[in-house]
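Survey of secondary and tertiary structure
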Amino acid sequence: MIKAVIFDLGNVIVPFDFQIGYAGIKRLCGHPAEEVRRRLRTTDLVTRFESGQVDPEEFVRQLSGLLEMKTSYQEFCDVWTSVFLPETLVPDSLLERIHEHHRLLLLSNTNDIHYSMIERTYPILRHFDDRVLSYRVGAMKPSARIYREAIARAGCRPEECFFTDDVAAYVEGARREGIDAVQFQSAAQVEQDLSARGVL
């Protein structure tokens, strides 16, 4: 019996395209996208940001140094959040139906700049009872800690939680903690998975 349904955010609820972000950063620093990616791979700055170890202003300061970027905080935030596309991948009606009889949670590796914009921009998030976010928890998927936090907030046993994520490794991480988890392919597929479990 599923009592709580847990969704990933990026590329499950809200689609994103990092190429848009790389193009925006290129305009700010002059380096081609491949050089931006190469420099980012030399540091764990993004991981520390998404784990809540670096605040947004310090993140922008350090990233500006790494990429030789001259930008204001707000200009950078506009570019950093431009990766998200306007139309959600699941319909509002699906979340509304789930939420009628089940606790609904969000579980995401994200950061303060991204999430603050997403919460302002996507009304669909109003259906969620709680948000388990890496930068607030201080741990990222597939760490056991973030799944255990989600289970605790769900208020039920791990096997009573259903979770979907587009990243196979994060689905496996959830399964290791006893969660009933499936890889997200489409809204229709998840709807079928939930129907098969008696959620819908």
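Structural data are supplied above this passage.
First, a word on what this report is: a plain description of the structure on this page. (Residues numbered from 1 in each chain as written. Predicted model: local features only at pLDDT ≥ 70, side-chain atom pairs only at ≥ 80, totals over all residues. Heavy atoms only, no water.)

1. Topic: helix α4 (residues 56-67)
The end-to-end C-alpha distance of α4, which contains 12 residues, comes to 16 Å, matching closely the 16 Å that a straight helix rising 1.5 Å per residue would cover. Within the sequence span of α4, burial applies to P56, F59, V60, L63, S64 and L67. The buried residues of α4 occupy an angular sector of 130° when projected down its axis, which confines them to one face. For α4, the exposed residues set more than 90 degrees away from the buried face come down to R61 and G65. Its buried side turned inward, α4 meets α1 (18-29), α2 (33-41), α3 (45-50), α5 (73-80) and α7 (112-121). E68 sits one or two positions beyond α4 and adopts a positive phi of about 55°. (Helix = DSSP H or I, 4+ residues; strand = E, 2+ residues; numbered from the N terminus. Expected span 1.5 Å × (residues − 1). Buried < 20%, exposed > 50% of the residue type's maximum accessible area, 1.4 Å probe, protein only. Arc of directions from axis to C-beta. Contact = heavy atoms within 4.5 Å.)

2. Overview of the sheet that holds strand β1 (residues 4-7)
Within a sheet, neighbouring strands are paired by backbone hydrogen bonds and run either parallel or antiparallel to one another. Within the open sheet, the 5 strands sit side by side as β3-β2-β1-β4-β5. Their pairing is parallel. The sheet is open, and its two borders are formed by β3 (130-133) and β5 (180-183), each paired with just one other strand. Across the sheet, the axes of successive neighbouring strands diverge by a mean angle of 20°, strand direction being ignored. Note: β1 against strand β2 (residues 103-108), 4 bridges, orientation parallel. In the strand pairing of β2, I6 is matched with L105. (Pairing = 2+ DSSP bridges. Axes fitted to C-alpha atoms, helices over the stretch in contact; angles between N-to-C directions.)

3. What to know about the environment of A154
Checked against the element boundaries, A154 lands in helix α9 (residues 144-154). Taking the relative accessible area as the measure of exposure, A154 reaches 7% and is therefore buried. Leaving out residues up to four positions away in the same chain, A154 has contacts with A4, R103, L105 and C161.

4. Describing the nonpolar core
Nonpolar side chains in soluble globular proteins generally cluster together in the buried interior. Within the largest apolar cluster, 31 residues are counted, with the highest numbers of intra-cluster contacts made by V5, F7, I13, V90, L95, I98 and L125. For this core, the secondary structure elements donating two or more residues are β1, α6 (92-99), β2, α7 and α11 (187-196). Other than its neighbours up to four places away in sequence, V5 contacts I98, H102, R103, L104, L105, F162, L194 and V199. (Core = buried A, V, L, I, M, F, W, Y, C linked by side-chain atoms within 4.5 Å.)

5. Here we look at the layout of surface pockets
Size it by volume and the largest pocket reaches roughly 710 Å³. If you trace the largest pocket, you find 32 residues lining it, with F16, F18, V46, E50 and H114 closest to the centre. Contributions of two or more residues to the lining of the largest pocket are made by α1, α2, α3, α5 and α7. Take the lining of the largest pocket: its biggest share by element is 4 residues, from α1. Split by residue class, the lining of the largest pocket holds 15 nonpolar, 9 polar and 8 charged. (1 Å grid on protein atoms, 1.4 Å probe; cavity = no way out; pocket = protein on both sides within 12 Å on 5 of 7 lines; lining within 4 Å. Points joined across faces, edges and corners; volume = space filled by probe spheres on them. Nonpolar A, V, L, I, M, F, W, Y, C, P; charged D, E, K, R; others polar.)

6. Topic: helix α10 (residues 168-176)
Burial in α10 covers these residues: V171, G173 and A174. Buried residues of α10, seen end-on, are gathered within an arc of 155° and therefore sit on one face of the element. Elements in contact with the buried residues of α10: α9, β4 (161-165) and β5. Two residues or fewer past α10, G178 is found with a positive phi of approximately 90°.

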